[in-house]
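Summary of the model geometry
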Amino acid sequence: MRLILMGPPGAGKGTQARFVADHFGVPAISTGDIFRANVSQGTPLGIKAKRYMDAGEYVPDEVTNLMVRNRIDEDDAAPGFLLDGYPRTLAQVTELDGMIGYTGHRLDAVVVLTVDSEELVQRLLQRSETDGRADDTEDVIRRRQEIYTEQTEPLIEVYRDRGILVEVDGMGEVDDVTARIFAALDVIPQS
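Notes on the structure follow. Just so you know, the residues in each chain are numbered from 1, in the order the chain's sequence is written. Totals for whole chains, interfaces and linings use all residues, but because this is a predicted model, local features are given only for residues with pLDDT of at least 70 and pairs of side-chain atoms are given and counted only at 80 or more. Remark: hydrogens and water are excluded; side-chain values derive from all non-hydrogen atoms of the structure.

**Brief notes about the overall build of the chain**
To be explicit about the condition: Helix numbers and strand numbers start at the N terminus; a helix is a DSSP run of H or I with at least 4 residues, a strand a run of E with at least 2. Values of the radius of gyration come from C-alpha atoms, whereas the globule rule sets the reference at 2.2 Å times the count of residues to the power 0.38. Buried, partly exposed and exposed residues are distinguished by accessible area as a fraction of the type maximum, computed with a 1.4 Å probe on protein chains only: under 20%, between the cut-offs, and over 50%, respectively. Surface accessibility in these figures is a Shrake-Rupley result with a 1.4 Å probe; residues are shielded only by whichever protein chains are displayed.
Along its length, the chain carries eight helices and five strands. Scanning the chain from its N terminus toward the C terminus, one meets helices and strands in the order β-α-β-α-α-α-β-α-β-α-α-β-α. Over its C-alpha atoms the chain spans a radius of gyration of 16 Å, differing by no more than 12% from the 16 Å that the globule rule assigns to 191 residues. Dimensions of the chain, computed from C-alpha atoms along their principal axes, come out at roughly 45 × 40 × 30 Å. Counting the 191 residues in the chain, one finds 43% classified as buried. When the accessible surface of the chain is totalled, it reaches about 9900 Å², and 51% of it is carbon and sulfur.

**Quick notes on the pattern of salt bridges**
As a reminder, the rule being used: Any Lys or Arg side-chain nitrogen located within 4 Å of an Asp or Glu carboxyl oxygen qualifies as a salt bridge.
Within this structure, the stated rule accounts for 13 salt bridges. Residues Arg143 and Glu146 are paired through a salt bridge, measuring 2.9 Å at the closest nitrogen-oxygen approach. Of this pair, Arg143 and Glu146 both sit in helix α7 (residues 138-162), three residues apart, which is roughly one turn of that helix. Since its relative accessible area comes to 40%, Arg143 is described here as partly exposed. The salt bridge involving Arg143 is made with Glu150; its shortest N-O contact spans 3.7 Å.

**Topic: the nonpolar core**
Using the following cut-off: Residues enter a nonpolar core if they are buried and are Ala, Val, Leu, Ile, Met, Phe, Trp, Tyr or Cys, with the set joined through side-chain atoms within 4.5 Å. Residues count as neighbours in contact if any of their non-hydrogen atoms are within 4.5 Å of one another.
Ranked by size, the top nonpolar core spans 29 residues in total, and within it Ile4, Leu83, Leu96, Val110 and Tyr159 carry the most contacts. Secondary-structure elements contributing two or more residues to this core are β1 (2-6), α2 (31-41), α3 (44-54), α4 (61-72), β3 (81-84), α5 (90-102), β4 (109-114) and α7. Residues contacting Leu96, with those up to four places away along its chain left out, are Ile4, Leu83, Tyr86, Pro87 and Tyr159. Core analysis: the next-biggest nonpolar cluster, separate from the first, contains 22 residues, Leu3, Ala17, Ala109 and Ile181 among them.

**Observations concerning the side chain of Asp84**
Stated precisely, the cut-off is as follows: Charge assignment in this entry is limited to Lys and Arg as positive and Asp and Glu as negative, and neither His nor the chain termini are counted.
Positionally, Asp84 belongs in strand β3. It turns out Asp84 is buried and unbridged, and the closest side chain with the opposite charge, Lys13, is 5.0 Å from it. When residues no more than four places from it in sequence are discounted, the contact partners of Asp84 are Leu5, Lys13, Gly14, Ala17, Ile29, Ser30 and Thr31.

**Things to note about α3**
Rules: The arc in question is the one spanned by the directions pointing from the helix axis to the C-beta atoms.
Buried within α3 we find Leu45, Gly46 and Ala49. Taken end-on, α3 shows its buried residues confined to a sector of 90°, consistent with a single buried face. Turned more than 90 degrees away from the buried face of α3, the exposed residues are Pro44, Ile47, Arg51 and Asp54. Packed against the buried residues of α3 are α2 and α4.

**A short note on the environment of Gly85**
In this structure, Gly85 sits in the loop between β3 and α5. Residues Gly85 and Asp33, 52 residues apart in the sequence, show an inter-C-alpha distance of 9.8 Å. Gly85 has contacts with Leu5 and Thr31, leaving out every residue within four places of it along the chain.

**Regarding the environment of Arg106**
Operational definition: Nitrogen and oxygen atoms within 3.5 Å of one another constitute a polar contact, given that in protein one can donate a hydrogen and the other can accept it, and given that sequence-neighbouring residues count only through two side-chain atoms.
By the secondary structure assignment, Arg106 is in the loop between α5 and β4. What makes Arg106 partly exposed here is its relative accessible area of 40%. Taking the C-alpha atoms as reference points, Arg106 and Ser191, separated by 85 residues in sequence, lie 6.0 Å from one another. Contacts of Arg106, omitting those with residues within four sequence positions, involve Arg2, Ile100, Pro189, Gln190 and Ser191. In this structure the side chain of Arg106 is engaged in a polar contact, spanning 3.1 Å, whose partner is the side chain of Asp108.

**Remarks on the packing of α4 against α5**
For the record, the criterion: What counts as an axis is a line fitted to C-alpha atoms, over the stretch in contact for a helix, and the angles between N-to-C directions run from 0 to 180 degrees. An angle below 35 degrees is treated as roughly parallel, one above 145 as roughly antiparallel, one from 65 to 115 as roughly perpendicular, and anything else as oblique. Crossing handedness follows the turn of the near helix against the far one: under a right angle anticlockwise gives a left-handed crossing, and clockwise gives a right-handed one. Here the nonpolar group is Ala, Val, Leu, Ile, Met, Phe, Trp, Tyr, Cys and Pro; Asp, Glu, Lys and Arg are the charged ones; every other residue, Gly included, is treated as polar.
Contact geometry for α4 and α5: axes closest at 11 Å, N-to-C directions at 30°. Between α4 and α5, the crossing angle belongs to the class labelled roughly parallel. Two packed elements cross with a definite hand, and for α4 against α5 that hand is right-handed. Facing Asp61, Thr64, Asn65, Val68, Arg69 and Ile72 of α4, the residues of α5 in contact are Ala91, Gln92, Glu95 and Met99. In terms of residue class, the contact of α4 with α5 is made up of four nonpolar, three polar and three charged.

The structure is reproduced here in structure tokens:
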């Protein structure tokens, strides 16, 4: 199964990614984790990415694309994968299409967790308190939501047009959301 998990910041993607990946026996691949691994290992791509990350900027597509390509080429991703945090731009959609097409497979589904925007703000403010994340102020959280709306939501329409978009209500208890995701995905044929 080859999946993408999307949703605004605070929708629960990271939490759900682990459950969904385990359910299908594929790795959960987070671009944040890939960046941190490359940086900590001092790879050439990691050194490049670190310059942007340290400046608080997005890592350019060409660096991100290479890191994702390298990761999905690893043996554990041969039967499939779940991507969290990629693609984020239309250019990355095109790049991912090429990566998957090269293997003779296709993307099976794109799951979008839908959550009320005010609920997202409250979740992230609560996470800020419990995790001690000083960067999660209400203004920063709302700005992240704007960036998601501007840059990532257009990808949802691309996948809707392809007929592989699965919208799942991300409100409620974690187990309930997980059950809704499984119910939606278990009926999808795998490539």
